Each structure stands twice: as C-alpha cells, then as structure tokens.
Amino acid sequence: MGNVPTKEARSRSSSVGGGSPSNTLTRSSRRHTTSSILENAGFLMYPSGTSSSSSHGKSSRSAEEKLKQKEAHMMNLIIRYEENVDGGFLAPHGIYKSNLDFNTEIVRSLIVERRIAPFFTPLQDFDEDWTDEEVATIASQSPLHAIDEAYSDDEEPDDADNHKIHLSANYFRRQEQKKKVKELTVSMKELQKQHEMEYMAAKQSQKQDPNVPSKELLLKLYRRSAECPICFLYFPPYLNVSRCCGQPICSECFVQIRRLDPHPPHDDVSNENSAEIPHTLISEYANCPFCAMPNFGVTYDPPKDLSVGIGGITSPAYYKGPLAATEEAVVSSSDEVSAASPQSPGTPVSRTVSPTKAKARKRRSSVPADDAGVITTDYIRPDWEQKLASAKSKLARRAATASAIHASNLIVDDEGSSRGQSSSDSQNLRYLQSIEDRMIEEAMKLSLAEEKARRKKQEREK
C-alpha cells in the first residue's frame, strides 16, 4: 500500500505516544472537515441508529404530490366520448405508448379553442372506392382507444441500486413509487374500458345519444380521409400543418415531438471536459420531422362548415351536413366551370376542396414561430426550462460529491504520511480548506436555486 501504514501501526503509534496532542487535535479537526465537506456535497451523515425524520417526511410528501400529479395527468389521457370537438376527442387514441409527458391541460384547451386539430380516431386503412355505407360502418366500429397497444408493458430502466449489496432507503421508496404507478396504470386501463363499454351501449341504444356521431358526420369526416405521413394512419383531412414546410401532421404525432433531453454540446470541441461542467448543458429546439427546421410548430385551420361538440353550435348526433356523394358532385361540377367563372370566397363549394392541399398552397413560405396562430412544441411542454435547471443541479451535486470524495481520500493519505513533511501537510490543509469553502459555496448556490425553482412551481400551480 505504498507509504500508508497499516491499521495496527497507526493505532500503536498513537497509543505509545508517537503522536503529540497537537497532531491528535489536527487529525480530529481534519475528520470534522471531511464530515462537513461530505454533508455540503449532499451526504447527510447521521449517528449510527438514528435517522432524519424531517427529511423523510419531506420526501414522503414530495412522493405523494408527484403521485397525485401523475394521477391527474393520466386521467386527462382517458378518452371520454362525451368530450368531443368536431368529431375528435381531447385525449390521444393510443397510437404511441411513450412521450405522453405533454401538458394535458394546455393541449385540451387548445383543442377546445380550435387552435390544433382534435385527436381523431384513426383508420388502419382507407380505399377511395369504398361506398358511403362502408365508410360509415368502418368509422362507427372504430374503438375509442387502443388500450392493448397503448398500455403494453415496457421494460423498465435498470435501477443502479440493483447491483449493490447494501440497498439505500431511497431504493425502497423508488420501488414503492413504481408499484403505485403500475397500480394507477391498471386502474386507468380499467376506467378506459368502462368508457368504451358506455360508448358501445350508447351506439346500440334505441334512445339517441347526442354525443354519438351521426352518419352524416362520419361521412363528412372520413369520406376523404388523409394519411398522416408520420404514423401512416388515415384521419379526417382536417389536420395540423407544419409552419415551415406546410406538411400535414396529426395531433397524436405532433405531441410526440419534443426537445432533446439536457445534454452537453456535442459540437463544441474547445473543451473536452464540457460534459462534466453543469452550466454547459443545453436543451436544443425540436426540429421539423420533414425539413429539419428548428423550433417546430404547427398551425390549424378548423373547418368552417363543421362545428359540433364542445364549443360548437350543435351536438354530433344532430349534424346534418351534405352527404359525401353530393359534395363530390358539387366539386366535380365546379371544377368544370372553374376556368370560365371563378368562385366567390363565400360559396360552400370552395370549402369542399381538400383542406390539406389548400393549406399546402397557402403556406409555401414558413410562418414565423412567434405568430399567434403557431403552436410550438415548447408551448405544450413549458417545463423544459425546469428540466434543464434540474439536470444542471443534479450534475453539479454529482461533481461536488466527486470532489468531496477526492478530498477525503487526500485526508486519509495525509494522515498516513511521514511527520517530517510538515510543509506538505500545511499545503494540503490549505488545499482542503479551499475545497471546503468551494463546496460550501456550491451547496449554498444549489440550495438557493432549488428553493427558487420550488417557489416558481408553487406560483404556477396557484
């Protein structure tokens, strides 16, 4: 072990008198310095057999609050057939089972305000040769939610404590939290099945339910179904449009697009150790999935002749719009005379043209991201700044912990060195003192930053 004396040698030298009282006092103060450094770095050091009831109480309350927020979020992901807007719904169908961490309250309000397209029920396939009866039947038989696909079991990430012999209290709290989330997911799945059964019963009931769409509404929505270029499913042609390149995208795919997780700048080669510096972490804009332009956002033009459900002029069951065959006849006749006599902007014929093609013609150039009609990915996930600050704080604590452990190792080496190196001891003491000062300063900064973030979160919740 080099110059480090054995345990017996150290105890014998102290008992025989090899060390003066001043040296004993110095080693005691150094141990206290090590303890204070570790505490400031995040290691709470309690005497054997004791625990911090206050910190445990705070962590328990925090876990309960997170579970309540998780429950409220998951409840907003349930499709209720009475919560419909223009033939769509306020919750996703279940095409994707991950990245559902968007702000559900914001998305629901945007759909009600007709600022983004509702979550339409998708069709797995579509053929223009289908008759009106076939289109209406297939659309009416589609389920509210893809329960089996959306809630299939995912492989959970491996917990680092699984490979440790001595498990920490945080490990058991994390396992308990995971168990509660699983139970909540099962309850959510059963609740969605209940709403599905209620919807089926309402469709089969002889008494007309105002929230069950009429045949005319189904034909209006699905007679000219459009394919989403990302998920390759068929939706009503009233889709969102990318602000930059005018490409259609369904709302279910739009809410999947988000910023990258906080990471070090991968294109900065000036500092090789930038990955270990907290303030260098960045969170880049989400790019357009079609043209890769940064700060992805969409616009939405709601149909002018369709206003049913929440905020509409009628209920889905009472929609009596023109049948698809009549619309197609009007469109074909209008196309024949369009060259000789252009249509007036207010005629119904002009609205029967495919909205997707019409939007693409209107938006040949990009719309500014700060335009009032543009909904960006940051708008539906406004907590990205908080996640970035949390990642920086976590990395700073990790760096402080590593520095504290390194400092404690220096103390151990210093205690085992020869007594003739007094000048080296004094230098090490000054070095350790400077490390302790930096650790205390860093711990205070982290504490202030966390308190500031907690207050901002409380203000937003209020």
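The name recorded for the protein chain in an unreviewed UniProt entry is Protein SIP5, from Candidozyma auris. Checking UniProt for the protein chain, the heading Sequence similarities (unreviewed entry) contains the comment "Belongs to the SIP5 family."

**Student:** So what exactly am I meant to see when it comes to the overall build of the protein chain here?
**Tutor:** The number of helices and strands found in the protein chain is 14 helices and 8 strands. Taken across its 462 residues, the protein chain has 36% of its residues classed as buried. Expressed as a percentage of contacts within the protein chain between residues at least 6 apart in sequence, the contacts between residues at least 24 apart total 74%. Carbon and sulfur atoms form 53% of the exposed surface of the protein chain, whose accessible area is close to 27,300 Å².

**Student:** I tried to follow the packing of helix H5 (residues 132-140) against helix H8 (residues 215-222) on my own but got confused; where do I start?
**Tutor:** For any two helices packed against each other, the geometry comes down to the angle between their axes and how far apart the axes lie. Running from N to C, H5 and H8 cross one another at 95 degrees; their axes reach a closest spacing of 9 Å. The angle between H5 and H8 falls in the class roughly perpendicular. Contact residues: Asp132, Glu133, Val135, Ala136, Ala139 and Ser140 in H5; Lys215, Leu218, Leu219 and Tyr222 in H8. Its residues placed into classes, the contact of H5 with H8 shows 6 nonpolar, 1 polar and 3 charged.

**Student:** For this particular structure, what's the right way to read empty space enclosed by the protein?
**Tutor:** A water-sized probe, rolled over the atoms, reveals where empty space remains. Applying the stated criterion across every chain, the model contains 2 cavities of 30 Å³ or more. Estimates place the volume of the largest cavity at around 190 Å³. Contributing to the lining of the largest cavity are 20 residues, with Gly87, Phe89, Thr121, Tyr199 and Pro213 lying nearest its centre. At the level of elements, strand S2 (88-89), H5 and H8 are the ones that each hand at least two residues to the lining of the largest cavity. Among the elements that make up the lining of the largest cavity, the one with the highest residue count is H8 (4 residues). Here the second largest cavity is characterised by a volume of approximately 40 Å³.

**Student:** Teacher, can you tell me more about H8 here?
**Tutor:** Count 3.6 residues to each turn of an α-helix, and residues three or four apart come out pointing the same way. Of all 8 residues that make up H8, 7 are buried, and the element is covered over most of its length. Of all the positions in H8, only Glu216, Leu217, Leu218, Leu219, Lys220, Leu221 and Tyr222 are classed as buried.

**Student:** Can you help me understand the nonpolar core in this one?
**Tutor:** Soluble, globular proteins show a tendency: their nonpolar side chains are buried together. Of all hydrophobic cores here, the largest spans 50 residues; its most connected members are Val107, Tyr222, Phe235, Phe254 and Ile380. Ranked by residues supplied to this core, first place goes to H8 with 5 residues. For Val107, the residues in contact, after removing those within four places along its chain, are Phe102, Ile116, Phe119, Val255 and Ile380. Membership of the second largest hydrophobic core comes to 8 residues, among which are Tyr81, Ala91, Tyr199 and Val212.

**Student:** Where do I start with the pattern of salt bridges in this structure?
**Tutor:** Proximity of charged atoms lets side chains of opposite charge pair with each other. Overall, the coordinates contain 9 salt bridges when judged by the stated rule. A salt bridge links Glu83 to Arg108, with the nearest nitrogen and oxygen atoms 3.2 Å apart. Highlighted residues: Glu83 in the loop between helix H3 (53-75) and strand S1 (84-85) and Arg108 in helix H4 (residues 104-112), separated in sequence by 25 residues. An identical accessibility class is assigned to Glu83 and Arg108; each is buried. Measuring nitrogen to oxygen at the nearest pair gives 2.9 Å for the salt bridge that ties Arg381 to Asp101. Of this pair, Arg381 sits in the loop between helix H12 (377-380) and helix H13 (384-415) while Asp101 sits in the loop between S2 and H4, and the two are 280 residues apart along the sequence. Under the relative-accessibility criterion, Arg381 is labelled buried at 6%. Residue class for Asp101 comes out partly exposed when judged on its relative accessible area of 28%. Three or more residues are tied together by salt bridges with common partners; here these are Asp101, Arg258 and Arg381.

**Student:** Sorry if this is basic, but what is going on with the environment of Phe254 here?
**Tutor:** By secondary structure assignment, the location of Phe254 is in helix H9 (residues 251-254). Along the primary structure Phe254 and Val241 are separated by 13 residues, whereas in three dimensions their C-alpha atoms are 9.8 Å apart. Beyond its immediate stretch of four places on either side in the chain, Phe254 contacts Ile249, Phe296, Val298, Ile375, Thr376, Thr377 and Ile380.

**Student:** It is not clear to me how the state of the cysteines should be interpreted in this structure. Could you clarify?
**Tutor:** Here is the idea: a disulfide is a covalent bond, and it sits between the sulfur atoms of two cysteines. Summed over the entire model, instances satisfying the criterion amount to 0 disulfides. No disulfide involves Cys228; its nearest neighbouring cysteine sulfur is the one of Cys250, lying 3.7 Å away. Here Cys228 falls in the buried class, since its relative accessible area comes to 0%. Not part of a disulfide, Cys245 finds its nearest cysteine sulfur in Cys288, a span of 3.8 Å.

**Student:** What am I meant to see in the packing of aromatic side chains here?
**Tutor:** Centre distance and the angle of the planes are the two values used to describe a pair of aromatic rings. In total, this model carries 4 aromatic pairs according to the counting rule given. With a centroid separation of 5.7 Å and 80 degrees between ring planes, the pair formed by Phe126 and Trp130 is classed as edge-to-face. In this structure, Phe126 and Trp130 share a single accessibility class: buried. Ring centres 6.1 Å apart and planes at 45 degrees place the aromatic pair Phe126 and Tyr234 in the tilted group. Taken together, the residues Phe126 in the loop between H4 and H5 and Tyr234 in strand S4 (residues 234-235) connect sequence positions 108 residues apart. The structure contains a cluster of three or more aromatic residues connected by ring pairs, namely Phe126, Trp130 and Tyr234.

Rules behind the numbers
Residues numbered from 1 in each chain as written. Predicted model: local features only at pLDDT ≥ 70, side-chain atom pairs only at ≥ 80, totals over all residues. Heavy atoms only, no water. UniProt positions renumbered as here; feature names shortened; annotations may be inferred. Helix = DSSP H or I, 4+ residues; strand = E, 2+ residues; numbered from the N terminus. Buried < 20%, exposed > 50% of the residue type's maximum accessible area, 1.4 Å probe, protein only. Contact = heavy atoms within 4.5 Å. Areas by Shrake-Rupley, 256 points an atom, 1.4 Å probe, with all protein chains shown as cover. Axes fitted to C-alpha atoms, helices over the stretch in contact; angles between N-to-C directions. Parallel < 35°, antiparallel > 145°, perpendicular 65-115°, else oblique. Nonpolar A, V, L, I, M, F, W, Y, C, P; charged D, E, K, R; others polar. 1 Å grid on protein atoms, 1.4 Å probe; cavity = no way out; pocket = protein on both sides within 12 Å on 5 of 7 lines; lining within 4 Å. Points joined across faces, edges and corners; volume = space filled by probe spheres on them. Core = buried A, V, L, I, M, F, W, Y, C linked by side-chain atoms within 4.5 Å. Salt bridge = Lys/Arg side-chain N within 4 Å of Asp/Glu carboxyl O. Disulfide = S-S within 2.5 Å. Phe/Tyr/Trp six-rings, centres within 6.5 Å; stacked < 30°, edge-to-face > 60°.

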